[in-house]
Amino acid sequence: MNAERMQILEMLAAGKLTVAEAELLLNALGQSETKTADPSLEALKAAEAAGAWVGAFRGGPFEAGWPARPPRPPRVPRPPRPPRPTRGRRADVIDEVIRLRNHGIDAAYLNKMRAALGDISIEEVIALGIHNIQPEYVRELRDLGLDLTVDDVVAFGIHNVDAGFVRRARELGFDHLTADDLVQMSIHNVDADLIAMLNKAGLTDLAVDELVQMSIHNVDAEFIDMMRAMGFTELSVRDLTSMSIHDVTAEFAAEIKAAGYVNLSADDLLRLRIHDVDGGYIESLREIGLENLTVDELVDLRSHDVDAGFIEEARAAGLVDLSAERLLRLRSDRGR
């Protein structure tokens with residue numbers, strides 16, 4: 001590095017030049033060096049004259065008696081060059097400043113982020129700047145006592161985890177949430193209103209995974225009230241989530257009750273729904289004499305495609321006293 005470049009870098013480090021001024025001077029210096037290194041017009045003319053003089057002898061009397069040149073041996077490949085040493089601390093600082101400026105990050109942003117998060121690297125500062133994480137946002141989170149890494153802060157910014165949600169969640173009893181918990185809750189729209197609604201419904205001490213599952217599958221106040229109106233007052237989070245997933249509605253429950261199945265457990269109602277046992281299927285079996293079937297029998301018959309048509313066919317073949325067990329055996333034998 002020549003003396004002029006060193007002087008510019010020293011002035012930048014001492015604060016006598018701004019980054020923009022230093023870059024301007026370095027660019028100007030580089031252009032000056034390029035011009036100095038270019039050959040002059042006189043040097044080019046001299047080279048052309050020398051080439052013409054040498055060319056005069058080729059094909060002349062001297063060249064006729066010269067032996068032909070032997071072919072050159074193949075060049076031995078050069079070993080790989082070792083990595084270039086650093087250009088010096090001052091030049092490295094210049095490179096870092098230029099990288100930050102390319103991402104729209106100024107010295108004030110860098111200083112504020114390091115004041116909030118400690119001596120973080122340039123790469124970490126750039127990651128924060130790319131995702132538009134503001135120093136005020138970081139300070140607000142740190143004021144809540146959250147011990148966050150740069151990756152945590154970036155994830156919070158990407159998924160819109162705000163300090164207000166953290167405060168309300170703590171007021172509602174969720175005062176030991178990790179950074180990963182908060183990100184998962186924000187991704188799946190678990191907000192303070194949902195937590196308050198579940199608390200009011202008597203569903204307290206829920207794990208984060210349970211809250212996430214209930215939010216994903218739309219278990220809200222309306223659904224819980226509907227289940228309780230149907231007589232299901234002691235449903236667990238798993239019950240509520242499963243019933244919502246499989247579309248166990250008030251209409252379906254009323255249809256099953258109208259078919260004579262009252263006081264069913266949540267698990268029984270869920271099994272009937274999963275296996276497509278509805279009121280119409282139950283009535284079709286009753287019309288041909290199959291009454292008082294248990295939930296297990298209904299599920300087994302439906303699962304094996306035992307319907308009114310199959311039963312009538314068996315009776316036409318002379319079979320009588322067809323219980324659910326015998327019908328299942330007939331269906332199994334026919335399938336072999």
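Residues numbered from 1 in each chain as written. Predicted model: local features only at pLDDT ≥ 70, side-chain atom pairs only at ≥ 80, totals over all residues. Heavy atoms only, no water.

Quick notes on the packing of helix H13 (residues 208-216) against helix H15 (residues 237-245)
At their nearest, the axes of H13 and H15 sit 9 Å apart, and the two run at 25 degrees to each other. In terms of their interaxial angle, H13 and H15 are classed as roughly parallel. Like other packed secondary-structure pairs, H13 and H15 cross with a definite hand, here left-handed. Judged by residue contacts, Glu210, Gln213 and Met214 of H13 engage Val237, Leu240 and Thr241 from H15. (Axes fitted to C-alpha atoms, helices over the stretch in contact; angles between N-to-C directions. Helix = DSSP H or I, 4+ residues; strand = E, 2+ residues; numbered from the N terminus. Parallel < 35°, antiparallel > 145°, perpendicular 65-115°, else oblique. Left-handed = near helix turned anticlockwise from the far one by under 90°. Contact = heavy atoms within 4.5 Å.)

Here's the deal with the packing of aromatic side chains
Counted according to the given criterion, the structure contains zero aromatic pairs. Cation over ring: Arg273 sits above Phe252, and NZ or CZ is 4.6 Å from the ring centre. Positioned over the ring face of Tyr281 is Arg302, at 4.3 Å from the centre of the ring. (Phe/Tyr/Trp six-rings, centres within 6.5 Å; stacked < 30°, edge-to-face > 60°. Lys NZ or Arg CZ within 6 Å of the ring centre and 35° of its normal.)

Some points on the environment of Phe223
Within the secondary structure layout, Phe223 lies in helix H14 (residues 221-229). In the structure, Phe223 is positioned 27 residues away from Ala250 in sequence and 9.3 Å away in space, judged by C-alpha atoms. Not counting the four nearest positions on each side in its chain, Phe223 is found in contact with Asn218, Leu240, Met243, Ser244 and Val248.

Some remarks on the side chain of Asp152
With respect to the helices and strands, Asp152 occurs in helix H9 (residues 150-158). No salt bridge is formed by the buried Asp152, whose closest oppositely charged neighbour, Arg142, lies at an N-O distance of 9.2 Å. Discounting residues that sit within four places of it in the chain, Asp152 has contacts with Asp147 and Ala179. (Buried < 20%, exposed > 50% of the residue type's maximum accessible area, 1.4 Å probe, protein only. Lys, Arg positive; Asp, Glu negative; His and termini not counted. Salt bridge = Lys/Arg side-chain N within 4 Å of Asp/Glu carboxyl O.)

Structural notes on the nonpolar core
One finds Leu128, Phe156, Met243 and Leu269 to be the most contacted residues of the largest nonpolar core, which totals 86 residues. With five residues, the next largest nonpolar core counts Ile8, Leu12, Ala22 and Ile94 among its residues. (Core = buried A, V, L, I, M, F, W, Y, C linked by side-chain atoms within 4.5 Å.)

A few points about the packing of helix H16 (residues 250-258) against helix H17 (residues 266-274)
One way to put it is that H16 packs onto H17 with a least axis distance of 11 Å and a crossing angle of 100 degrees. By the angle class used here, H16 and H17 are roughly perpendicular. Residues Phe252, Ala253 and Ile256 of H16 touch H17, and the partners they reach there are Leu269, Leu272 and Arg273. Here the residues of the contact of H16 with H17 sort into five nonpolar, no polar and one charged. (Nonpolar A, V, L, I, M, F, W, Y, C, P; charged D, E, K, R; others polar.)

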